[in-house]
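# Structure at a glance
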Amino acid sequence: MSNSPTNTDNSAHTVAVLAVQGAFLEHRLMLEKLGAHVIELRQARDLEQSFDRLVLPGGESTVQAKLLREQNMLEPLRERIAGGMPVLGTCAGLILLAKNVEGDEVNGFGTLDVTVKRNAYGRQLGSFHCEAEFGELGNVPMTFIRAPYIAEVGSNAKALATVDGHVVAACQGKQIGTSFHPELDNDTRIHQLFLDL
Ligand code: GLN
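For every chain, the first residue of the written sequence is number 1, and numbering continues from 1 along that sequence. For this predicted model, a pLDDT threshold of at least 70 governs which residues receive local features, and a threshold of 80 or more governs which side-chain atom pairs are given and counted, while totals over whole chains, interfaces and linings are taken from all residues. The side-chain quantities take in all heavy atoms of the structure and omit both hydrogens and water.

### Some remarks on helix α5 (residues 189-196)
For clarity, the cut-off: Relative accessible area decides the class of each residue, using a 1.4 Å probe on protein chains only: under 20% of the type maximum gives buried, over 50% gives exposed, and in between gives partly exposed. Strands are runs of DSSP state E lasting at least two residues, helices are runs of H or I lasting at least four, and both sets are numbered from the N terminus onward. The contact criterion used throughout is that any non-hydrogen atoms of two residues lie within 4.5 Å.
Most of α5 sits inside the fold, with six of its eight residues counted as buried. Buried within α5 we find Arg-189, Ile-190, His-191, Gln-192, Phe-194 and Leu-195. For α5, the secondary structure elements touched by its buried residues are β1 (14-18), α1 (24-33), β3 (53-56), β4 (87-90) and β8 (139-145).

### A look at the UniProt feature "active site" (unreviewed entry) in the protein
Operational definition: UniProt positions are given in the numbering used here, feature names are shortened, and annotations may be inferred rather than shown by experiment. A cavity here means a set of points on a 1 Å grid, drawn over the protein atoms and nothing else, where a 1.4 Å probe fits but cannot get out; a pocket is an open set with protein on both sides within 12 Å along at least five of seven lines, and a residue lines either one if it has an atom within 4 Å of a point.
According to UniProt, the feature "active site" (unreviewed entry) maps to Cys-91, His-181 and Glu-183 in the numbering used here. A maximum C-alpha distance of 11.0 Å places the annotated residues, which cover 93 residues in sequence, within one compact spot. Checking the annotated residues one by one, the ones that line the largest pocket turn out to be Cys-91 and His-181. Positionally, Cys-91 belongs in the loop between β4 and α4 (92-97). Cys-91 gets classed as buried once you look at its relative accessible area, which sits at 4%. Along the chain, His-181 falls in the loop between β12 (175-178) and α5.

### With respect to the site of the ligand
The following threshold applies: We define proximity as follows: a residue is near a molecule or strand when any one of its heavy atoms falls within 4 Å of that partner. Any pair of nitrogen or oxygen atoms within 3.5 Å is treated as a polar contact; in protein, a donor-acceptor pairing is required on top of that, and neighbouring residues in sequence qualify only through side-chain atoms on both sides. Note on areas: Shrake-Rupley with a 1.4 Å probe; residue coverage comes only from the protein chains shown. Think of it this way: a molecule belongs to a cavity or pocket when more than half its atoms come within 2 Å of the grid points there. Under the convention adopted here, Pro, Cys and the residues Ala, Val, Leu, Ile, Met, Phe, Trp and Tyr are nonpolar, Asp, Glu, Lys and Arg are charged, and Gly plus all remaining residues are polar.
The environment of the ligand is made up of Gly-58, Gly-59, Glu-60, Ser-61, Cys-91, Ala-92, Ile-95, Arg-118, Asn-119, Ile-145, Arg-146 and His-181. One nitrogen or oxygen atom from the side chain of Ser-61 is found 2.7 Å from an oxygen atom belonging to the ligand. Between the ligand and Arg-146 there is a distance of 3.0 Å, counted from a nitrogen atom to a backbone nitrogen or oxygen. Considering the ligand on its own, with 300 Å² of exposed area, one finds that the protein chains cover 97% of that surface. Applying the majority rule of atoms within 2 Å of the grid points places the ligand in the largest pocket. In terms of residue class, the shell around the ligand is built from four nonpolar, five polar and three charged.

### Focus: the nonpolar core
Considering soluble globular proteins, one finds that nonpolar side chains tend to be buried as a cluster. Selection criterion: For this analysis, a nonpolar core means a set of buried residues of the types Ala, Val, Leu, Ile, Met, Phe, Trp, Tyr and Cys, connected via side-chain atoms within 4.5 Å.
Counting 33 residues, the largest nonpolar core has Leu-31, Phe-134, Met-142 and Phe-144 as the members making the most contacts within it. Contributions of two or more residues to this core are made by β1, α1, β7 (127-133), β8, β10 (158-163), β11 (166-172) and α5. Setting aside residues no more than four positions away along its own chain, Met-142 makes contact with Phe-128, His-129, Cys-130, Ala-132, Glu-133, Phe-134, Ala-161, Val-163, Val-168, Phe-180 and Asp-185.

### Looking at the layout of surface pockets
Vacant regions in the atomic arrangement are exposed by a probe of water-molecule size rolled over the atoms. The test is simple: Grid points are joined across faces, edges and corners, and a volume is the space filled by probe spheres set on the points.
Taken as a whole, the largest pocket spans an internal volume of roughly 160 Å³. Lining the largest pocket are 15 residues, and of these Gly-58, Gly-59, Cys-91, Ile-145 and Arg-146 sit closest to its centre. Within the lining of the largest pocket, the residues separate by chemical class into seven nonpolar, five polar and three charged.

### A short note on α1
How we decide: This arc is built from the directions going out from the helix axis to the C-beta atoms.
Residues of α1 that are buried include every one of Phe-24, His-27, Met-30 and Leu-31, and no others. Seen from one end, α1 has its buried residues packed into an arc of 130°, which puts them on one side. Gly-35 sits one or two residues past α1 and shows a positive phi near 95°.

### Thoughts on the side chain of Thr-14
Looking at where Thr-14 falls in the secondary structure, it is placed in strand β1. For Thr-14, the residues in contact, after removing those within four places along its chain, are His-37, Ile-39, Ser-50, Phe-51, Asp-52 and Arg-53.

### Describing the packing of aromatic side chains
Let me state the cut-off plainly: For Phe, Tyr and Trp, where Trp contributes only its six-membered ring, two rings pair if their centres lie within 6.5 Å, and the inter-plane angle classes them as stacked under 30 degrees, edge-to-face over 60, or tilted in between. Two thresholds decide whether a charge sits over a ring: the Lys NZ or Arg CZ must be within 6 Å of the ring centre and within 35 degrees of the ring normal.
Across all of its chains, the model carries six aromatic pairs by this definition. Here Phe-134 and Phe-180 contribute two aromatic rings whose centre-to-centre distance is 6.1 Å and whose plane-to-plane angle is 90°, an arrangement assigned as edge-to-face. Linking Phe-134 in the loop between β7 and β8 with Phe-180 in the loop between β12 and α5, this pair joins segments that are 46 residues apart in sequence. Phe-134 sits in the buried class, given a relative accessible area of 1%. Connected via pairs of aromatic rings, a cluster forms that spans Tyr-121, Phe-128, Phe-134, Phe-144, Tyr-149 and Phe-180. When the ring centre of Phe-194 is taken as origin, the NZ or CZ atom of Arg-53, which lies over that ring, is 5.9 Å away. Arg-80 extends its terminal NZ or CZ atom over the ring of Phe-51, reaching a point 4.2 Å from the ring centre.

Structure below.
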């Protein structure tokens, strides 16, 4: 049941997926499966299209931040996120949203009041899969790939999920950040939650 698309009509939503680098296609496919309209952001010109929410995919956060800056998309998108546009950041996307990155200069959006630690699981545990509770959704599958975890949740943010004593998802207003990749499993509930924001 939890894996099947809902009857919710998502066709009114246009989701912009950041597509400068990384695993954006899987997000696109999942959002389209849910009936949402999807556009891809590669350059400043793409921001002229209308969209009401944003997905920041996994990949390499330092590269994504650099490309966002070079393409003049960082500031306009930061303003929209700060202004309340719903955003889902996964893995590298969480790092871009984080206000602080432990021991690293990523210079992303910095709109989510958390401190993240990049590549926090080390080499041996670089990738793993588990199930854990996520907010009100109950257990969801979680795929981690060279993932960060949230070392500290600031007073403006709220933890949504914890695995092995580490926070792996948090939210603040209409921002959701996850250490793991919900787009890589068949469970669509986190994307639906994002579309419902
Ligand atoms: N290790 C990457 C980073 O630090 C994130 C990995 C991912 O998005 N799967 O940006």
